[in-house]
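# Residue-level structural notes
Each chain, written out:
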Amino acid sequence: MIETIKANDLVLPPVDTWFSRWFVLTAGDMQKFNSMTVAWGSIGGIWEMPFVQVVVRPTRHTFGFLNESTGFTLCSFPAKYRKDLGILGSKSGRDVDKIALTRLTPAKSEKVAAPSFAEADLVFECRKIYWQDLDPEHFLSERIMPNYPQRDFHRVFFGEILRIRGSAEFQKK
């Protein structure tokens, strides 16, 4: 069962959460939205607000939805949904109804128009507060540029966390 969690009571392993669990980023509204798997980002505090930071390439279908939306959701799932997340990360919403290919059920969010998912064990509802395009002239490590053979540099989006819902494992005891 998932319940509301205060931002200060959220417990997450900061690196493993992104690299091992993945997230599903969703923008739009219940009538028209797109979702994609994301494995790069951060969760923390900035400008005296709890925030989530995600990065999206301009070539992704979700990019347009995120640019046009005032908010987004970020959902994490139990391991049994890993194959479903793989579909969301490998198919384009331009070409196919990706959600119909999964076992995931869109659900109305409370604080933003973007849907979350009934099967998620962790849900962030976020209001967009900042964006910035990555500038390769500012890359200080030679390990970064090989991620961009097409020079399709990510846009960084910051979202103020308005609501967190999660299972007991994500809540301070």
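My aim in this report is to walk through the structure given alongside it, one point at a time. (Residues numbered from 1 in each chain as written. Predicted model: local features only at pLDDT ≥ 70, side-chain atom pairs only at ≥ 80, totals over all residues. Heavy atoms only, no water.)

## A look at the pattern of salt bridges
Taken as a whole, this structure holds nine salt bridges when the rule is applied. For Arg-163, the salt bridge identified is with Glu-110, shortest N-O distance 3.5 Å. Of this pair, Arg-163 sits in strand β10 (residues 155-166) while Glu-110 sits in the loop between β7 (106-107) and β8 (116-117); the two residues are 53 residues apart in sequence, bridging distant segments of the chain. Arg-163 gets classed as buried once you look at its relative accessible area, which sits at 17%. A single network of salt bridges, built from pairs that share partners, joins Glu-110, Lys-111, Glu-125, Arg-163 and Arg-165. (Salt bridge = Lys/Arg side-chain N within 4 Å of Asp/Glu carboxyl O. Helix = DSSP H or I, 4+ residues; strand = E, 2+ residues; numbered from the N terminus. Buried < 20%, exposed > 50% of the residue type's maximum accessible area, 1.4 Å probe, protein only.)

## With respect to the packing of aromatic side chains
For the structure shown, the criterion picks out 12 aromatic pairs. Where Phe-139 meets Phe-153, the ring centres are 6.0 Å apart and the plane angle is 65°; that geometry is what we call edge-to-face. A residue pair is termed long-range when its members are at least 10 positions apart, and Phe-139 in the loop between β9 (122-133) and β10 and Phe-153 in the loop between β9 and β10 qualify at 14 residues. Taking relative accessible area as the criterion, Phe-153 reaches 15% and is therefore assigned buried. Aromatic ring contacts, followed pair by pair, group Trp-47, Phe-51, Tyr-130 and Phe-158 into a single cluster. Above the ring of Trp-22, the side-chain terminus of Arg-82 is found at 3.4 Å from the ring centroid. (Phe/Tyr/Trp six-rings, centres within 6.5 Å; stacked < 30°, edge-to-face > 60°. Lys NZ or Arg CZ within 6 Å of the ring centre and 35° of its normal.)

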